[in-house]
Amino acid sequence: MSDKKGLLKVIFFILPTFFLCTCGLDTFYYVDSPVSDGHIASYSSADALLDYFSCRTTEQSPSENQYMFGSGECTFLGTEIYYKIYNNFSTMISTESSVESMSSDSSSSSSSANYLIDTKGYKPLKLSSGSVFPLIKANSSPQNRFIYIKLKEPEPICISSTVMNTYVPGKDLMVGGNAVYPRRYIDSNKGFSFGSDVDNPLPLQTDEDVTWSDNASESGVWYVDMYAISIARNIDYALQYSKPYFMGSVSIRSE
């Protein structure tokens, strides 16, 4: 055990981008961020087939193929997905730049997730049926998984051991026996096809998941960006976050 602690301390000094979970007096563990699966959504893309969010969770140690937290003093809970709706893409890009700058700076990277959630007000996705936290709960054995989420023409959220660039039948995220769709934080009955029907209302300035600008980039167009964050809980039941992984952004024209 002492050798493992020594190794972890060395990792602390050579890999400062990992987030710190301090458990006990002198043992250090790290919450690894989700990573790219090769795709980042772009609000400026004209290809509707690319309007999806995706990433790969990090649930296995990159070097040891084991859980990040092996002692029982810290528990890896899973991966949560956070988003925000904007009516001005420049405001959205400004936030994204701030998060990126904080995440890449060793002196502020440990607070970038808190900045995203607490300061900028990003909200976790809700689901069309049931409720789980985090959205992608950890398995009983370590397994990195790929996530696929589409908002504009809603499809069930997909989880797979392989990369997905479209909806894959049979890979649905299941909660309470039901395949679940992404829904807005303000109401699990509300979707992202803004203005199409009563269950997809236009975002309002007062909505908790909206950052409003009096100068909209384009009338009737909304912008949604999304981040994935690994979450752990230490021995004191305090939540520990990885730095946010940027999944990209999409534009949604109201109907």
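Structure: above.
Residues numbered from 1 in each chain as written. Predicted model: local features only at pLDDT ≥ 70, side-chain atom pairs only at ≥ 80, totals over all residues. Heavy atoms only, no water.

Undergrad: I'd love a proper account of the pairing of strand S14 (residues 221–233), names of residues and values included.
TA: In terms of residue burial, S14 counts as a mostly covered element, since twelve of its 13 residues are buried. Examined bridge by bridge, strand S4 (residues 75–86) and S14 share eleven bridges and lie antiparallel to one another. If you follow Tyr83 over to S14, its bridge partner there is Met226. In the sheet, S14 pairs with strand S16 (residues 245–253) via eight bridges, with the strands oriented antiparallel. The residue of S16 that forms the bridge with Met226 is Gly248. Relative to strand S15 (residues 239–241), S14 runs antiparallel, the two sharing three bridges. When the bridges of S15 are listed, Ile231 appears paired with Tyr241. Counted along the chain from S14 to the antiparallel partner S15, the turn is five residues long, and its residue Tyr237 has a positive phi close to 70 degrees. (Buried < 20%, exposed > 50% of the residue type's maximum accessible area, 1.4 Å probe, protein only. Helix = DSSP H or I, 4+ residues; strand = E, 2+ residues; numbered from the N terminus. Pairing = 2+ DSSP bridges.)

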